[in-house]
Amino acid sequence: MKTLSLFDHERLSLDRSIELSMESLRHYGALYRHWAIAFSGGKDSTATVTLVADLIDQGLVPRPASITVLYADTRQELPPLHNAALGVLRALEARGFETRVVLPQLDHRFFVYMLGRGVPPPSNTFRWCTPKLKVMAMERELEALQQQTGEKLLMLTGVRVGESAARDQRIALSCSRDGGECGQGWFQQSTAAAIADTLAPLLHWRVCHIWDWLVKADLDLGFPTFEIAEVYGHDPLDAQGETEPINARTGCMGCPLVQEDAALERVIANPKWAYLAPLRQLRPLYWEVKRPQYRLRKHGELRQDGTLAKKQGRLGPLTLEARRWMLGEVLRIEAEVNGAAAASGQPHLSLINDQELARIEALMAANTWPEKWDGTEHRGDEWLPEILADGSVQPLLFSQWE
């Protein structure tokens, strides 16, 4: 049941939030002939892309010379969310909007980069996944779009206050950069030589507005957004207010950066997606291969000037044996999911497709390693003499095999 508040009358309504979004789109949009919309398939970016499409269709926001929806397909999204995103793209295309599916370069895809090159799974101190899977691919596509149009673009995003504490702080520090008010959307103007300036027209939306809009987008506008709500654990047809709007974020399948994969658990709790339960095995697998016995270790590492590196004995990439074992485990998990999918009439899952598998095998066969590693280093669990800062060596008191 929804909790009543004495201050509800002071909060923005959905209608007022839409009005503010229209104002920001009219004001800043008029400065650019070509727009792009960053679409991830999550609740906020889905609300953004469907709202912009509807406002343009109604003539409430002038249509620019071109508008392109860029879907960042990391190949790691939760399958129901990915399928719903593709459905939204089809609905946008039917309305005359150009859409593009943006994939990472083959060598930057999650399992190719990790298994083909040996880079360990991402961590909170080595978060290579976001730039490799999403940022670099979107920047490349934006650059191609800007070269095609010959003009600076306006990039629309679904950034919203309350989604991320760290992001809220950045917004607070920069929201007055161009003299605009936060209610008019978060506008970031870059240098004249930049590819695009950025506008977040839903910055001020409350999470309940997101859910209310996504219900309207499905029932009234024909966008397939109910499944997105289900992924977040929200009942879009709850007219009695028995379920609270969920201000949750979704991540990749088996994300190794979180302690609890709440998004995957919400999906599996839905009977129609229970066949995805074997994906629970991914996160423990990622944590397992970070252990020393699966990795190489530097010993006696030198700087370019010939002096000893400050951090001796650092762990590095996965061994070839670990990479081959992990590849087999991922393919086994994929087969388990697809066996359950076939039995329940659900779509199959591709964790590693044929192109990626061939590339992984080719990179391993070529003895490929990250920069500054060549595979001749010691295994991470091997006992080694300690090298002190002055270059002296403290020998082992005992043999590893005694």
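Above this text is the structure in question.
Keep in mind that what you see is a predicted model, and the values were worked out from it rather than measured. (Residues numbered from 1 in each chain as written. Predicted model: local features only at pLDDT ≥ 70, side-chain atom pairs only at ≥ 80, totals over all residues. Heavy atoms only, no water.)

What's the story with the overall build of the chain in this structure? I'm lost.
Assigned secondary structure in the chain consists of twelve helices and eleven strands. Buried positions account for 49% of the 402 residues belonging to the chain. Put simply, of all contacts in the chain between residues at least 6 apart along the chain, 70% involve residues at least 24 apart. Carbon together with sulfur atoms contributes 53% to the accessible area of the chain, which is approximately 19,700 Å² in total. (Helix = DSSP H or I, 4+ residues; strand = E, 2+ residues; numbered from the N terminus. Buried < 20%, exposed > 50% of the residue type's maximum accessible area, 1.4 Å probe, protein only. Contact = heavy atoms within 4.5 Å. Areas by Shrake-Rupley, 256 points an atom, 1.4 Å probe, with all protein chains shown as cover.)

I would appreciate a short explanation of the packing of aromatic side chains in the present structure.
Where two aromatic rings form a pair, the distance of their centres and the angle of their planes describe that pair. In this structure the tally under the stated criterion is seven aromatic pairs. For the ring pair phenylalanine 110 and phenylalanine 111, a centre distance of 5.1 Å and an interplane angle of 80° mean the geometry is edge-to-face. The two residues phenylalanine 110 and phenylalanine 111 agree in class, both being buried. Taken together, a centroid distance of 5.4 Å and an interplanar angle of 70° make the contact between tryptophan 211 and tyrosine 232 edge-to-face. In this pair, tryptophan 211 is assigned in helix 7 (residues 207-219) and tyrosine 232 in the loop between helix 8 (226-231) and helix 9 (262-269), connecting sequence segments 21 residues apart. Tyrosine 232 matches tryptophan 211 in its accessibility class, with the two residues each being buried. Joined through ring pairs, the aromatic side chains of Phe110, Phe111, Tyr113, Trp128 and Tyr286 make up one cluster. (Phe/Tyr/Trp six-rings, centres within 6.5 Å; stacked < 30°, edge-to-face > 60°.)

Please clarify how empty space enclosed by the protein should be interpreted in this entry.
Empty space left among the atoms is revealed by rolling a probe the size of a water molecule over them. Tallying each qualifying case throughout the model produces one cavity of 30 Å³ or more. Put simply, the largest cavity is a space of about 50 Å³. Looking at the largest cavity, the residues that line it are Thr74, Arg75, Gln76, Arg109, Phe110, Phe111, Val112, Leu351 and Glu356. Element by element, the count of residues in the lining of the largest cavity is highest for helix 4 (residues 110-117), at three residues. Of the residues that constitute the lining of the largest cavity, the class distribution is four nonpolar, two polar and three charged. (1 Å grid on protein atoms, 1.4 Å probe; cavity = no way out; pocket = protein on both sides within 12 Å on 5 of 7 lines; lining within 4 Å. Points joined across faces, edges and corners; volume = space filled by probe spheres on them. Nonpolar A, V, L, I, M, F, W, Y, C, P; charged D, E, K, R; others polar.)

In this structure, what is going on with the pattern of salt bridges? I would like to understand it.
Opposite charge on two side chains permits pairing when their charged atoms draw close. Tallying each qualifying case throughout the model produces 21 salt bridges. The partner of glutamate 356 in a salt bridge is arginine 109, and the shortest N-O contact between them spans 3.1 Å. Placement of the pair is glutamate 356 in helix 12 (residues 354-365) and arginine 109 in the loop between strand 3 (98-102) and helix 4, with a sequence separation of 247 residues. Like arginine 109, glutamate 356 is buried. In this structure, lysine 298 engages glutamate 377 in a salt bridge whose closest nitrogen and oxygen atoms are separated by 3.4 Å. With lysine 298 in the loop between strand 7 (295-297) and strand 8 (315-318) and glutamate 377 in the loop between helix 12 and strand 9 (378-379), this pair connects stretches of sequence that are 79 residues apart. Grouping residues by exposure puts lysine 298 and glutamate 377 together as buried. Residues joined by salt bridges that share partners form a network here, namely Arg16, Glu19 and Glu23. (Salt bridge = Lys/Arg side-chain N within 4 Å of Asp/Glu carboxyl O.)

Teacher, can you tell me more about the sheet that holds strand 9 here?
Note: strands within a sheet are paired through backbone hydrogen bonds, in either parallel or antiparallel orientation. Taken in spatial order, the three strands of this open sheet run 8-7-9, and their pairing is antiparallel. Since the sheet does not close on itself, it has two edges, and those belong to strand 8 and strand 9, each with one partner. Relative to strand 9, strand 7 runs antiparallel, the two being bridged by two bridges. Across the sheet, the residue bridging to leucine 296 is arginine 379, located in strand 9. (Pairing = 2+ DSSP bridges.)

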